[in-house]
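So the chains spell out like this:
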Amino acid sequence: MNRREFLKISCSGLITLYLSGCGLNMQSGQNITSAAETVSGKENSKMKITVITGSPHKAGTSALLADKFIAGAEKNGHKVFRFNSAFKNIHACTGCDACGMSGPCVHKDDIETEAIQKFMEADVIALVSPVYYFALTAQLKTVIDRFYSRTYDINGKQSVLLAAGGSNTPLTMRSIAKHYETLAGYMHWQDRGRVLAPGCPTREAIAKTEYPQKAFELGMSL
Ligand SMILES: Cc1cc2nc3c(=O)[nH]c(=O)nc-3n(C[C@H](O)[C@H](O)[C@H](O)COP(=O)(O)O)c2cc1C
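Quick caveat, the model's predicted, so the values are computed rather than measured.

Notes on the pattern of salt bridges
Under the criterion given, the structure shown has seven salt bridges. Residue Asp109 is joined to Arg146 by a salt bridge in which the shortest nitrogen-to-oxygen separation is 2.7 Å. Remark: Arg146 occurs in the loop between helix 4 (138-145) and strand 4 (158-164) and Asp109 occurs in the loop between strand 2 (79-84) and helix 3 (110-121); sequence separation between them is 37 residues. A relative accessible area of 1% means that Asp109 is categorised as buried.

Topic: the pairing of strand 3 (residues 124-130)
Taken across its seven residues, strand 3 has seven buried, putting it largely inside the fold. Side-chain alternation along strand 3 places Val124, Ala126, Val128 and Pro130 on one buried face and Ile125, Leu127 and Ser129 on a second face that is also buried. The pairing of strand 3 with strand 4 spans seven bridges and is classified as parallel. In the strand pairing of strand 4, Leu127 is matched with Leu161. Crossover handedness for the path strand 3 to helix 4 to strand 4: right-handed.

Considering a nonpolar patch on the surface
Together, Tyr132, Tyr133, Phe134 and Leu171 make up a nonpolar patch on the protein surface, roughly 490 Å² of accessible area in all. Tracing the backbone shows Tyr133 in the loop between strand 3 and helix 4. Judged by relative accessible area, which is 81%, Tyr133 ranks as exposed.

Re the sheet that holds strand 4
The strand order across the open sheet built from five strands is 2-1-3-4-5, with neighbouring strands paired in parallel fashion. At either margin of the open sheet sits one strand with a lone partner, and together these are strand 2 and strand 5 (190-197). Mean inter-strand twist for the sheet, computed between neighbouring axes without regard to direction, equals 15°. Examined bridge by bridge, strand 4 and strand 5 share seven bridges and lie parallel to one another. From the neighbouring strand, Ala164 faces strand 5, where its bridge partner is Ala197. Along the sheet face, helix 4 touches strand 1 (48-53), strand 2 and strand 3 and points at about 150° away from the line of strand 3. Sheet strands in contact with helix 5 (residues 174-187) are strand 3, strand 4 and strand 5, and its direction is about 170° off that of strand 4.

A short note on empty space enclosed by the protein
In this structure the tally under the stated criterion is one cavity of 30 Å³ or more. For the largest cavity, the calculated volume is near 110 Å³. Taken together, 15 residues make up the lining of the largest cavity; nearest its centre are Cys93, Cys96, Cys99, Cys105 and Ser149. Residue composition of the lining of the largest cavity, by class: eight nonpolar, four polar and three charged.

Points about the environment of Lys79
The residue Lys79 is located in strand 2 in this model. When residues no more than four places from it in sequence are discounted, the contact partners of Lys79 are Met47, Lys48 and Ile49.

Some thoughts on helix 2 (residues 61-75)
In this model helix 2 runs 21 Å from its N-terminal to its C-terminal C-alpha over 15 residues, within 8% of the 21 Å that 1.5 Å per residue would give. Looking only at helix 2, the buried set comprises Thr61, Ser62, Ala63, Leu64, Leu65, Ala66, Phe69, Ile70, Gly72 and Ala73. Positive phi shows up at Gly77, right after helix 2, with a value of about 95°.

Digging into the site of the ligand
Around the ligand, the surrounding shell holds 17 residues, and the nearest of these are Ser55, Thr61, Ser62, Ser167 and Cys200. Tyr133 places a main-chain nitrogen or oxygen 2.9 Å from a nitrogen atom of the ligand. A distance of 3.0 Å is found between an oxygen atom of the ligand and a backbone nitrogen or oxygen belonging to Phe134. For the ligand, whose accessible area on its own is 650 Å², the fraction buried by protein is 76%. Class assignment for the residues of the shell around the ligand results in eight nonpolar, nine polar and no charged.

Parameters and conventions
- Residues numbered from 1 in each chain as written.
- Predicted model: local features only at pLDDT ≥ 70, side-chain atom pairs only at ≥ 80, totals over all residues.
- Heavy atoms only, no water.
- Salt bridge = Lys/Arg side-chain N within 4 Å of Asp/Glu carboxyl O.
- Helix = DSSP H or I, 4+ residues; strand = E, 2+ residues; numbered from the N terminus.
- Buried < 20%, exposed > 50% of the residue type's maximum accessible area, 1.4 Å probe, protein only.
- Pairing = 2+ DSSP bridges.
- Right-handed = clockwise from strand over helix to strand, strands pointing away.
- Patch = residues over 30% accessible without salt bridge, like charges linked within 9 Å, V, L, I, M, F, W, Y side chains within 5 Å.
- Areas by Shrake-Rupley, 256 points an atom, 1.4 Å probe, with all protein chains shown as cover.
- Axes fitted to C-alpha atoms, helices over the stretch in contact; angles between N-to-C directions.
- Contact = heavy atoms within 4.5 Å.
- 1 Å grid on protein atoms, 1.4 Å probe; cavity = no way out; pocket = protein on both sides within 12 Å on 5 of 7 lines; lining within 4 Å.
- Points joined across faces, edges and corners; volume = space filled by probe spheres on them.
- Nonpolar A, V, L, I, M, F, W, Y, C, P; charged D, E, K, R; others polar.
- Expected span 1.5 Å × (residues − 1).
- Near = heavy atom within 4 Å.
- Polar contact = N/O pair within 3.5 Å; in protein donor to acceptor, adjacent residues only side chain to side chain.

These values are about where atoms sit, not about what they do.
Below, the structure is given as structure tokens:
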């Protein structure tokens, strides 16, 4: 597939997203959106869940959301693979197109050797990030860009977004949520819910909120 076709698919994905409304809840804050009733054939069965974190803080705010989400998912019997991108040997996509969007990637790093297969096998992909300048961290975005090498095999999954930000304004989660919605629409992912935690600059702060429990419940809801 050449770039022109990629753009064509991107546009059609966006149109699909626009037409379908994508079923996504756009409010930030305390929202958990569950779409279990429309997930074909996977309700109540044990699923493979890949959690990709983006923070360089091992015990930070978003790590707590990830921990709780995983605890809920595992309590429900699901199998979880966690990829902490900030602590891995990863390289940015150079756009060389050697993969032709169907792999392998020229980078023989931790994404290619230990993670990409898990991404392809996953039923659910959970993206977890602090808000950095209104976006996902560069580490997590690096992983997402590398989906390019297996775009077709990472299509059609279920997805989750967990994010924490220091400020608490209407803008804090706006861009990150929009990016997630657009990505999910393009990838034909079905959103299973989001926990967006503004006003959480530190682990101590988020621990006092309802967000960790909401992350646990989201994991349990899958
Ligand atoms: C480089 C950088 C950029 C940040 N940008 C934002 C921002 O745009 N909005 C916001 O609310 N918080 C911002 N923060 C604060 C973090 O999102 C916040 O402290 C978060 O809880 C950190 O999560 P972590 O402990 O999982 O790394 C930023 C922090 C850093 C270090």
